[in-house]
Each structure stands twice: as C-alpha cells, then as structure tokens.
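The primary structure of each chain is shown beneath.
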Amino acid sequence: MKITRRNFLKVCGGTAAACGLSNLGIPNMAQALEKALAGNPPVIWLQGSGCTGCSVSLLNSVEPDIATVLLKIISLKFHPTVMAAQGEPALDKMYKVAEDYAGKFYLVVEGSIPTKERGRFCIVGERQGHEITMLDATIEIGKKAAATLAFGTCASFGGIPAAKPNPTGAKPVTAIFEENGIKTPVVNVPGCPPHPDWMVGTIAYALTKGLPPVDEYKRPLLFFGSTIHDNCPYLKYYEEGKFARSYGEEGCRLKLGCKGLETYADCWQRQWNNKVNWCVRNAICIGCVQPNFWDEMAPLYEQTTG
Ligand code: FSX
Ligand code: SF4
Ligand code: SF4
C-alpha cells in the first residue's frame, strides 16, 4: 500500500495535533514517522475479557482516520474483530509474526485476562486441537514484544470484568507480566473505552519518540496528566459551594456522583465523538480511567468522593 507525500504530511499533521505533539513541528514529525513507516512496525492485537468498546472507539479515530492508522501507520497483523482471516491459520500467522519480529513488534492487549481455571474463561482459538487461552497468548506473545500497550481500563487495571466478585479471576496485563517474570515494558492507556486520540497518540508517540513518559499507573502524562476537576467548567460552582441536585440545574455535579475530583484525563479539552460533547457537560465523570474503576467508583450516580 503506497501513500503519497501529500497525504503523508496530512496524516502527520493530524496525528501531531491529535496527540499534542504539534510543538515537535511538522517536518520533524514527518521525518520521524517516515522513518518509522519504513519499518511499518507490526502490531498484534489480542482481545480478552472486555466488550470490544476499545476497538470500536479506535475505529472512530478522525485525524488520522482509522484506515490510515491500520494500513499505513502500523502494520496490523492480527486483530480478532477486524481481520478477515479466521481459525488456526490466523493463530499460526500470529505466532509466526511474534517469532519473525521478536523484540520488534508491538503487542496491544484489549480486555483483561481471566486466570481462574487455568484461564479457560477466555479462549482465543485452537491449535492442533488444543485451546489457546488469553492467558497463554498474553504470556507467549507478550514476552517477545518490544512493548505492550494495554488499551482500555480492563487491560490496564482489570476494569469491569475484574469487579467484585471477579468470578473469572480477571487481571490486568501488568499483573500477568509480573507473575510470569516478563520484563516487556507496558504502557497503560485506560478508559472504558479509551479516547481514540489516546490510543493513536500513544502509538504515534512510541513510533516517533519511544515510549511516552508515564505516571505512577503507567499512563501517558500527555493525556492523563491533570484532573477533570481542576479543568472543569463547573469548578467555580464547586468553589462557591453551589451543587446541582438534578441534571439541568446550574452547579457542580459532585452530589450527582461526579468522580472528576480523583480522575486524571484530558476529556475536558479533547472531548468526545469528534468534539461533539463530553461526560461532564451533560452528565458526570464516572472515573472510567482510574485503577479503582469499577468497584470504588460505584454507585456511579451517588456521591462517593469529595
Ligand atoms: Fe474494557 Fe475494551 Fe471497557 Fe469495553 O474491550 S475498557 S469493557 S469499554 O472495550 O476492554
Ligand atoms: Fe466539575 Fe465534577 Fe469537579 Fe464538580 S466535582 S467541579 S462537576 S469535575
Ligand atoms: Fe471517563 Fe471521566 Fe473522561 Fe468520561 S470524563 S471519559 S468518565 S475520564
């Protein structure tokens, strides 16, 4: 698949803006991405326990659009939802890519990893008559990857599948790697689902500058560096002690259940669905990017913080 220079620069411009890299300057960004594209790094995308919302969110990427991301910026070798290949040949290809590009490909994990019953709550396929669990695949592929990007709160922290009583023993990527002595670096890009810019931006950053600086929960500071609350349009109401008791009433949404005080994300400026809206403008922040989402954020529509 060829990309024209004109389109290429357009992509670079969009990507730079999307991930806040515009201060790099387009020419540098173009050069760096061009270099990365020469290798077109292979990506293996595994899906564990989740709702596929992370993939759906990525498909909503606007600048650059998703076809450009999947076909030109990265070389997606395996993705259970979007690939045409199925069954054993698809799995064989996945293991071959991991072998051929050992230490050079990126692993994306979406969804958490069930560990009870030897991981048999989540089967990614069969090979030679044997079930391959998500747990097996994460360990086997994860140890060969250059880096692993945990996309979504489930992969990053366990998320909804790991909510109490967590019958499948669902765990995040970092826990699986730690328990199995896997040293591959992990970047967590949480959100239930994550914003497309957070995912595309993290990929673009990794390709151009290496893995991004992260916070104590391995989240890129670029997107998760400040709280929703500190940047909220309703902050002045909070400071004045004026709290809305119902939607539509003027005031801070704390008493309606807003978790913005303890939630680190840039939704307040990035917004969602191509900047149509975002949670706090007409509802509340439910803290979907935090390590203690779901258990400690529930009940969502009751005050649990502040
Ligand atoms: Fe989890 Fe992905 Fe929430 Fe869903 O599969 S982060 S349940 S939006 O989409 O993993
Ligand atoms: Fe905004 Fe929520 Fe903070 Fe109130 S509690 S100021 S609604 S983020
Ligand atoms: Fe998640 Fe809060 Fe951002 Fe909404 S505003 S997407 S709940 S972090």
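What this report covers is the structure whose coordinates are included nearby. (Residues numbered from 1 in each chain as written. Chains lettered and ligands numbered in written order. Predicted model: local features only at pLDDT ≥ 70, side-chain atom pairs only at ≥ 80, totals over all residues. Heavy atoms only, no water.)

**Concerning the site of ligand 1**
Part 1 of the argument: Neighbouring ligand 1 are 13 residues, the closest being Cys51, Gly53, Cys54, Cys154 and Cys192.
Part 2 of the argument: Between ligand 1 and Cys54 there is a distance of 2.8 Å, counted from an oxygen atom to a backbone nitrogen or oxygen.
Part 3 of the argument: Partitioned by chemical class, the residues of the shell around ligand 1 number five nonpolar, seven polar and one charged. (Near = heavy atom within 4 Å. Polar contact = N/O pair within 3.5 Å; in protein donor to acceptor, adjacent residues only side chain to side chain. Nonpolar A, V, L, I, M, F, W, Y, C, P; charged D, E, K, R; others polar.)

**Some remarks on the site of ligand 3**
Part 1 of the argument: The environment of ligand 3 is made up of Ile228, Thr263, Ala265, Cys267, Trp272, Trp278, Cys279, Cys285, Ile286, Gly287, Cys288 and Val289.
Part 2 of the argument: When the residues that make up the shell around ligand 3 are grouped by side-chain class, the tally is ten nonpolar, two polar and no charged.

**Considerations on helix H9 (residues 196-209)**
Count 3.6 residues to each turn of an α-helix, and residues three or four apart come out pointing the same way.
Part 1 of the argument: For H9, built from 14 residues, the straight-helix expectation of 20 Å at 1.5 Å per residue is met to within 8% by its first-to-last C-alpha distance of 19 Å.
Part 2 of the argument: H9 sits mainly inside the fold: 13 of its 14 residues count as buried. (Helix = DSSP H or I, 4+ residues; strand = E, 2+ residues; numbered from the N terminus. Expected span 1.5 Å × (residues − 1). Buried < 20%, exposed > 50% of the residue type's maximum accessible area, 1.4 Å probe, protein only.)

**Quick look at the pairing of strand E6 (residues 147-151)**
Part 1 of the argument: Within E6, five of the five residues are buried, which leaves the element mostly enclosed by the surrounding structure.
Part 2 of the argument: Burial along E6 is two-sided: the residues Ala147, Leu149 and Phe151 and Thr148 and Ala150 are all buried.
Part 3 of the argument: Here E6 runs beside strand E7 (residues 186-189); their pairing, made up of four bridges, is parallel. Residue pairing across strands places Phe151 opposite Val189, the latter belonging to E7. (Pairing = 2+ DSSP bridges.)

**Remarks on the pattern of salt bridges**
Part 1 of the argument: This structure, assessed with the given rule, holds nine salt bridges.
Part 2 of the argument: Residue Glu140 is joined to Lys144 by a salt bridge in which the shortest nitrogen-to-oxygen separation is 3.9 Å.
Part 3 of the argument: The exposure class assigned to Glu140 is partly exposed, which follows from its relative accessible area of 31%.
Part 4 of the argument: A salt bridge links Arg270 to Asp266, with the shortest nitrogen-to-oxygen separation between them at 2.8 Å. Across the pair, exposure class does not vary: Arg270 and Asp266 are buried alike. (Salt bridge = Lys/Arg side-chain N within 4 Å of Asp/Glu carboxyl O.)

**A few points about the side chain of His195**
Part 1 of the argument: For His195, the location among the structural elements is in the loop between E7 and H9.
Part 2 of the argument: Among residues more than four places away in sequence, those in contact with His195 are Ser57, Arg270, Gln271 and Trp272. (Contact = heavy atoms within 4.5 Å.)

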